[in-house]
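For reference, the chains in residue letters:
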Amino acid sequence: MARESAIPRFGHKPQVAFFDFACCEGCQLSVLQLEERLLEILEHVDVVTWREAMTEQSSEYDIAFCEGSITTEEDVERIKDIRAEAAVLVTLGSCASTSCHNELKNQWSMDEVLDVVYGDDAGQIHTIASRPISAVVEVDYQTFGCPVSLPEFVKVVSAILTGQSYEPPNEPVCVECKRNDYLCVYEKGEVCLGPVTRCGCDAICTGWGDACQGCRGLMDSANIGAMLKALTREEAHSIMRTVIDRHQLTEGEIAAKLRIYNNWPEFTLEEAETDDD
Amino acid sequence: MPTEVVMTSKAVDRFVTRLIEEGPVMGPRERRKQPGFAKFDWIESADELMLQYTTTTVPPKKAFFPPRQPLFEFELTVPPKITPLEEATPFTLVGVHTCDLAGLNMLDDAYAKEPAEAVWPAARARARIIGVDCMPDEYCFCFDTCAGREGCDLFFTPIEHGYLVEVITEAGEDMLRLSDVSRAREDDLNDARNFAAEKGQRITAGIRSSAGDFADILEEGTFEDLWREIAERCYSCGSCNTTCPTCFCFDINDEFDLGLTAGRRVRTWDSCQLQEFALVAGGHNFRRIRWQRVRHRWHRKFLYLYREFDHPYCTGCGRCSRACTADINIVDVSNEIIERARGSEQS
Ligand code: SF4
Ligand code: SF4
Ligand code: SF4
Ligand code: SF4
Ligand code: SF4
């Protein structure tokens, strides 16, 4: 029985806290949906702060799971405090790891944003461009997904407990889609962002027959230029011919689709032309 | 024992039902949420089998080597305890197209090369295989494999009232005891011949050079410009490999349970198009640049393995082209290479 193997790393059963920044809190809710798996995790850790699941709170913890994007000056101070306390800081889900769709606000000036959302009450709010947590403090582990991909969450917890690192997969969703023998949604005439999106969700959406919307963010060296070309080609064989003709997307529309989850740092179509060499 | 008999469609149903009673059966089954599309899967009842289907996304090699295959479980006790996860149940694989029979045979050869792979031949030995003939679509270019029978025990060709069944092996003959068959009449044989002829005519795509010449062309030319053009369109998503019936690369990982006290060793299908495929210890990646990976796929299929096995490692199934959401078509690219090579010869 070496069931308490995480103890040597922390010297005691590690204490875990959950924090949220700008987000919908869907990732925390997803973690609660782990049910049995969560009980298994709780054998190895003590949760001391989790607003969404309990009333107790503690200012001492070893592992901080942080959800949401940094969008105010207060957020910046708060995440720095958390970083100072936590031995291990984990970003939970895409808002925390890529800024997710919170960065959509970055296309306007912060004054405009404040005015539209809060009008006359804007005075107390010190809004800043939305950014992932890693843009402010050092992050030890990252998890992606909107909401967070549960297979990845479990992997990361296991890595933390066993003192291993976790490198987010740098392969597109297509890899998991094929390993599950799912039908490619392009064969049904739809557009999918899977070929440029970082896998790790086990292709959950394409498994249900839906297109990948790219919620886990672009993989490293995602070939966006390839997507612009693939969806606007003159000549194409029947599967892609059907997709191109049905959607008739312009480069701008393709870029807009990609921007929904990928605008930090802002990407430009010029950049998209570069190869990975 | 005649080598050709007839099984009516109803008789096929009864036959498959009896096969299922005998043991597990894998075959093309219609996707539940995507009617019209088949995938290889375990068949629970005869009506699930979709014997006439267009090429599946993933080839039937998954019956012997699933995309994600746990090899053994371990417990980190002293000494460590290892529990092999070997399957021993015999099964029947039904509804394999000719190109995919060729794919299985090629993997037999590849995995038999020393140091031989151990899991594949054991899985192959457990299975009886029933082939079925098919109608090509615009992506198929199976000239060399389209009439093959090697690798199956029985082979079905659609005819008016069911199937003409060719008995290929003794195991196939033995399977016929589970079925009601009748003697093949001249009409039936004619039907089958017509089917084969139509199949031949429907194959419109093709690589415009002999396999040997194509290997020489790839060896002698560099084609870097072309590889770079293709690479600009390539996602490095690996779908051209993860759907290929002759691709044999895999990755092996140990997955630990939460407490780091136990886990399992798992192997998964890998792809040379993925950026980290050629990443080795120390951080060196010997095919870091996309165009080098694109070139590598052609070199593997049509040059290196051609030299080693005397035929290209490609069955003409067209899966890589269908699966490529960048529409990088294996026939088009191959012909472009051949054209550029011939063009530069003339100039
Ligand atoms: S990543 Fe998605 S689910 Fe999670 S907090 Fe952000 S918006 Fe909500
Ligand atoms: S459905 Fe999407 S993720 Fe799956 S293979 Fe097709 S493009 Fe890739
Ligand atoms: S398939 Fe795409 S949209 Fe769905 S969870 Fe995965 S990354 Fe997100
Ligand atoms: S399927 Fe197409 S885009 Fe994906 S790696 Fe292969 S050639 Fe490139
Ligand atoms: S290379 Fe393409 S056409 Fe050839 S066997 Fe593989 S998937 Fe089929």
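For clarity, every value in this text was computed on a predicted model and none was experimentally measured.

Student: Whenever I open this one, the site of ligand 4 confuses me. Can you help?
Tutor: Residues in close proximity to ligand 4 include Cys234(B), Tyr235(B), Ser236(B), Cys237(B), Gly238(B), Ser239(B), Cys240(B), Gln273(B), Arg297(B), Cys324(B), Ala326(B) and Ile328(B), which together make up its full environment. Classifying every residue of the shell around ligand 4 by side-chain character gives seven nonpolar, four polar and one charged.

Student: Looking at this structure, I do not really get the domain arrangement of chain B. What am I missing?
Tutor: All names here are of chain B. Considered domain by domain, chain B is made up of domain 1 (4-66 + 84-202) and domain 2 (211-252 + 269-346). For domain 1 and domain 2, the distance between their C-alpha centroids amounts to 28 Å. The partner domain 2 presents 25 residues to the 26 residues of domain 1 that form the contact. A per-residue breakdown of the area domain 1 buries against domain 2 is headed by Met106, Tyr139 and Phe141, which together make up 31% of the total. For the pair domain 1 and domain 2, the interface holds three salt bridges. For Arg319, the salt bridge is made with Asp100, and the minimal N-O distance between the two is 2.7 Å. Of the residues contributing to the side of domain 1 that touches domain 2, the split by class is 15 nonpolar, five polar and six charged.

Student: Sorry if this is basic, but what is going on with the pairing of strand S5 (residues 81-84) of chain B here?
Tutor: Strand residues, when the strand is regular, have side chains that alternate between the two faces of the sheet. All names here are of chain B. Two strands pair when backbone bridges link them, and strand S4 (residues 68-75) and S5 are joined in this way by four bridges, in the antiparallel orientation. Its bridge partner lying in S5, Glu75 is registered against Lys81. Remark: five residues form the turn of the hairpin made by S4 and S5, two consecutive strands paired antiparallel.

Student: Teacher, can you tell me more about the sheet that holds S5(B) here?
Tutor: Strand pairing in a sheet relies on backbone hydrogen bonds, with the paired strands running either antiparallel or parallel. Residue and element names in this part refer to chain B. If you trace the four strands from one edge of the open sheet to the other, you get S5-S4-S12-S11, paired in antiparallel fashion. Among the strands making up the open sheet, the edge pair consists of S5 and strand S11 (250-256). Neighbour-to-neighbour, the strand axes of the sheet open up by a mean angle of 25 degrees, direction not taken into account. Across seven bridges, the pairing between S4 and strand S12 (residues 262-269) is antiparallel. Each bridged residue has a counterpart across the sheet, and for Pro70 the counterpart in S12 is Val266.

Student: What is the right way to look at the environment of Phe65(A) in this model?
Tutor: Residues and elements named next belong to chain A. Structurally, Phe65 is set in strand S3 (residues 63-67). The class for Phe65 is buried, based on a relative accessible area of 5%. Distance from Phe65 to Pro132, taken between C-alpha atoms, is 14 Å for residues 67 residues apart in sequence. Each residue touching Phe65, except ones within four places of it in the same chain, is listed here: Val16, Ala17, Phe18, Phe19, Val90, Leu92, Phe153, Val157 and Ile160.

Student: Got a minute to help me understand the sheet that holds strand S10 (residues 182-183) of chain B in this structure?
Tutor: All names here are of chain B. If you walk across this open sheet you meet the eight strands as S3-S2-S6-S7-S8-S9-S1-S10, and the pairing is mixed. Only two strands of the sheet have a single partner each, and these edge strands are strand S3 (38-42) and S10. Pairing of strand S1 (residues 4-8) with S10 involves two bridges; the strand directions are antiparallel. Bridge pairing links Val5 to Arg183 in S10. Those strands touched by helix H1 (residues 9-22) are S1, strand S2 (25-30), strand S6 (91-96), strand S7 (127-132), strand S8 (154-159) and strand S9 (162-167), and its axis lies near 95 degrees from that of S1. Of the strands in this sheet, S6, S7 and S8 touch helix H2 (residues 98-112), which is tilted by about 135 degrees from S6.

Student: Mind showing me how you'd approach the pattern of salt bridges here?
Tutor: Close approach of charged atoms allows side chains of opposite charge to pair. Residue and element names in this part refer to chain B. Taken as a whole, this structure holds 40 salt bridges over all chains when the rule is applied. Notably, a salt bridge pairs Glu22 with Arg128, separated by 3.0 Å at the nearest N-O pair. Of this pair, Glu22 sits in helix H1 while Arg128 sits in strand S7, and the two are 106 residues apart along the sequence. Judged by relative accessible area, Arg128 falls into the buried class, the value being 17%. Among the charged side chains, a network of salt bridges with common partners joins Glu22, Arg128, Asp174 and Arg177.

So, how was this worked out
Residues numbered from 1 in each chain as written. Chains lettered and ligands numbered in written order. Predicted model: local features only at pLDDT ≥ 70, side-chain atom pairs only at ≥ 80, totals over all residues. Heavy atoms only, no water. Near = heavy atom within 4 Å. Nonpolar A, V, L, I, M, F, W, Y, C, P; charged D, E, K, R; others polar. Domains from an automatic or database assignment. Contact = heavy atoms within 4.5 Å. Buried area = accessible area lost by both parts, 1.4 Å probe. Salt bridge = Lys/Arg side-chain N within 4 Å of Asp/Glu carboxyl O. Pairing = 2+ DSSP bridges. Helix = DSSP H or I, 4+ residues; strand = E, 2+ residues; numbered from the N terminus. Axes fitted to C-alpha atoms, helices over the stretch in contact; angles between N-to-C directions. Buried < 20%, exposed > 50% of the residue type's maximum accessible area, 1.4 Å probe, protein only.

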